[in-house]
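# An overview of the molecular structure
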Amino acid sequence: MGRAPKRLQNIADRLTRTSWHSGVAMSLYDRATGREYHVGSGALDSRTPYFATGTSKLYTTAILLQLIEEGKVGFDDPFLTYLGRDKKYEELLVREGIDYTDQVTIRHLMSHTSGFGDFFLYKYQARTLKHAIGDGVDTAWTFDEVLQRSRSHGAVAVPGQSPKALYTDTNFHILGRVIETIEGENFGEVLQRRIIDRLGLSSTYLYCDPSDARPINFMSKDREVRVPRTMTSFQADGGIVTTSREALIFIRGFFEGYLFDKRILPHLYQWRPMYFPTEYGIGLMQIKVPWWMSLPHRLNAPPSRLFKSAPRTLGHMGLGGSICLYAPEAGVYISGTVNQLLDPARAVVTSIKMIEDVAYGKCDEELRRGGASLAGPPPAQ
């Protein structure tokens, strides 16, 4: 690939000069110019595998949209329509003595409005991204244990009744099982057939083997942690491994119609507040950073941009600083990771800086001098 534009490279290099970041990788695509930008620093580059974590939910969403398009599943079908009324689902969501489990729909699960408690971070009202994983504690769990933990935690709302999106990994863990039941394959096989093969990806896969040392280890503050048993347990809600290059192909495929009919996308934009400044729709996030939050990184910007809000982005972010986003007004896609468990805001700040640099043309002169890789469209179906 061509030399990374200096301004983008500097953003990544500033992070890896600190003890909290062993590596940063970001890939961007500018629709206005058709140019790709690949930035790597430290132990990461655009071809280094990393854990996609929460951005895996976009891949699960894409598969579900394909199944909806094929008439195999419906947004408003109860999830038990596909999983059956097995005893293990009884009283999974009980609120004020009433069992609402059979009222939880595919839409509720995809939009985080099911009301299920979170199997992973337990106490919802004190939700924090600090977890045993940040201390390097490597544990594993099964699907049945996910259900047991969610039941023990207790319901947090009646399905569909909360004005906010109540984010819980339980929702997408169940959706993964719905996909497996409909398709008669494990989630990794479905992912391979419906996403990876269709887009011609070669370094993206579901992490299933704890002895697999290909993905870069997480950083937790200033130390490296390895939690392979934990990462094999996430599956459809956070278990995908990818690279920034291939995640860029995927996010373009998601929004440009290479995976499903993109006319369904507006139906996903039913936003509910989640945690500021993030909202959740059906299977994806919207991040709208106000001007005052983005002001610190704009102090050297032209006065006309100083008080503008940051570009709106759609997509997903995840534990460990992974991002997979599209800024529709700016016309820029970005994917990658800053690989830090305990600083979730860093990936958002980094992505905003890079999107703005590309959207406002700061890299053009450098690209003319140093060369640019021209991006073709993702492969057609």
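Residues numbered from 1 in each chain as written. Predicted model: local features only at pLDDT ≥ 70, side-chain atom pairs only at ≥ 80, totals over all residues. Heavy atoms only, no water.

## Thoughts on helix α9 (residues 244-256)
Heads up, the condition is: Strands are runs of DSSP state E lasting at least two residues, helices are runs of H or I lasting at least four, and both sets are numbered from the N terminus onward. Between the first and last residue of a helix there are one fewer steps than residues, each counted as 1.5 Å, and that sum is the expected span. Burial classes follow relative accessibility: with a 1.4 Å probe on protein chains only, a residue under 20% of its type's maximum area counts as buried, one over 50% as exposed, and anything between as partly exposed.
The end-to-end C-alpha separation of α9 is 18 Å, in line with the 18 Å expected for 13 residues at 1.5 Å each. Buried residues of α9: Ser244, Arg245, Glu246, Ala247, Leu248, Phe250, Ile251, Arg252, Gly253, Phe254, Phe255 and Glu256, and no others. Just beyond α9, the residue with positive phi is glycine 257, at close to 90°.

## A look at helix α5 (residues 143-153)
Inclusion rule: The directions from the helix axis to the C-beta atoms form the arc being described. The criterion used for residue contact is that any of the two residues' heavy atoms lie within 4.5 Å.
Along α5, the residues that are buried comprise Phe143, Val146, Leu147 and Ser150. What you see down the axis of α5 is that its buried residues fit within an arc of 95°, all on one side. Packed against the buried residues of α5 are α6 (169-183). Positive backbone phi, at 95°, marks glycine 154, one or two positions downstream of α5.

## As for unusual backbone geometry
In this structure, the amide linkage connecting phenylalanine 276 to the following residue, proline 277, adopts the cis form with an omega of 0°. Within the secondary structure, proline 277 sits in the loop between β10 (272-273) and β11 (278-280). Phi is positive for glutamate 96, close to 50°, though the residue is something other than glycine. Mapping glutamate 96 onto the fold places it in the loop between β4 (94-95) and β5 (98-99). With a relative accessible area of 78%, glutamate 96 lands in the exposed category. Although it is not a glycine, asparagine 339 adopts a positive phi angle of roughly 55°. Of note, asparagine 339 is situated in the loop between β15 (332-337) and α11 (345-359). A relative accessible area of 2% means that asparagine 339 is categorised as buried.

## Some details on the confidence of the model for the protein chain
Applicable threshold: What pLDDT reports is the predictor's confidence in each residue, on a scale of 0 through 100.
Residues with a pLDDT of 70 or more make up 86% of the protein chain, whose mean pLDDT is 89. Taken as a whole, residues 371-381 scores under 50 in pLDDT and shows 33 contacts with residues more than four places along the chain or in a different chain.

## Points about the pattern of salt bridges
To be explicit about the condition: Salt bridges are defined as contacts in which a side-chain nitrogen from Lys or Arg sits within 4 Å of a carboxyl oxygen from Asp or Glu.
With the rule as written, the count across this model stands at 16 salt bridges. Of the charged contacts in the structure, one is a salt bridge between aspartate 169 and lysine 57, with a shortest N-O distance of 2.8 Å. Of the two residues, aspartate 169 is situated in helix α6 and lysine 57 in helix α2 (residues 56-69); the sequence distance between them amounts to 112 residues. Both residues of the pair, aspartate 169 and lysine 57, belong to the buried class. A salt bridge links glutamate 183 to arginine 194; the shortest N-O distance between them is 2.8 Å. Residue glutamate 183 is found in helix α6, and its partner arginine 194 is found in helix α7 (residues 187-199); the two are separated by eleven residues along the sequence. The class of arginine 194 is buried, set by a relative accessible area of 4%.

## Considerations on the sheet that holds strand β6 (residues 205-206)
This is how the line gets drawn: The pairing criterion is simple: DSSP has to find at least two bridges between the two strands.
A sheet is described by the order of its strands in space; here three strands give the open sequence β3-β9-β6, paired in antiparallel fashion. A strand with exactly one partner marks an edge of an open sheet, and here the two such strands are β3 (50-51) and β6.

## As for the packing of aromatic side chains
Centre-to-centre distance and the angle between the planes together describe a pair of aromatic rings. We apply this condition: Within 6.5 Å between ring centres, the rings of Phe, Tyr and Trp (the latter by its six-membered ring) count as paired, and their orientation is classed by plane angle as stacked under 30 degrees, edge-to-face over 60, tilted in between. Either the NZ atom of lysine or the CZ atom of arginine qualifies as a charge over a ring when it sits within 6 Å of the ring centre and within 35 degrees of the ring normal.
The tally for this structure, following the rule as stated, stands at 14 aromatic pairs. Centre to centre, the rings of phenylalanine 79 and tyrosine 89 are 6.0 Å apart; their planes meet at 85°, and the pair counts as edge-to-face. Taken as a pair, phenylalanine 79 in the loop between α2 and α3 (80-83) and tyrosine 89 in the loop between α3 and β4 lie far apart in primary sequence, ten residues in all. Note on phenylalanine 79: relative accessible area 0%, which makes it buried. Where tyrosine 167 meets tyrosine 280, the ring centres are 6.2 Å apart and the plane angle is 70°; that geometry is what we call edge-to-face. Here tyrosine 167 is found in the loop between α5 and α6, whereas its partner tyrosine 280 is found in strand β11, with 113 residues between them in sequence. Of the two residues, tyrosine 167 and tyrosine 280, both sit in the buried class. Within the aromatic cluster, the residues linked to one another by ring pairs are Tyr29, Tyr59, Phe250, Phe254, Phe255, Phe260, Tyr326 and Tyr333. Looking at lysine 57, its charged tip hangs above the ring of phenylalanine 172, at a distance of 5.8 Å from the centre. Lying across the ring of phenylalanine 143, arginine 177 places its NZ or CZ 4.1 Å from the centre.

## Considering the side chain of serine 41
Formally: Polar contacts, as counted here, are pairs of nitrogen or oxygen atoms within 3.5 Å of one another; within protein the pair requires one atom able to donate a hydrogen and one able to accept it, and residues that are adjacent in sequence qualify only if both atoms are side-chain atoms.
Residue placement: serine 41 occurs in strand β2 (residues 35-42). There is a polar contact of 2.6 Å between the side chain of serine 41 and the side chain of threonine 16. Not counting chain neighbours up to four residues away, the residues in contact with serine 41 comprise Gln9, Ala12, Asp13, Thr16, Ser22, Gly23 and Val24.

## Here we look at the pairing of strand β13 (residues 313-318)
Within β13, six of the six residues are buried, which leaves it mostly tucked inside the rest of the structure. Residues Thr313, Gly315 and Met317 of β13 are buried on one face, and the alternating residues Leu314, His316 and Gly318, pointing to the opposite face, are buried as well. Summarising the sheet, strand β12 (residues 285-287) and β13 pair through three bridges and their orientation is antiparallel. From the neighbouring strand, glutamine 286 faces β13, where its bridge partner is leucine 314. Alignment of β13 against strand β14 (residues 322-327), held across five bridges, turns out to be antiparallel. Counterpart to histidine 316 in the pairing with β14 is cysteine 324. In sequence, β13 turns back onto β14 through a hairpin of three residues, with glycine 320 there showing a positive phi of about 90°.

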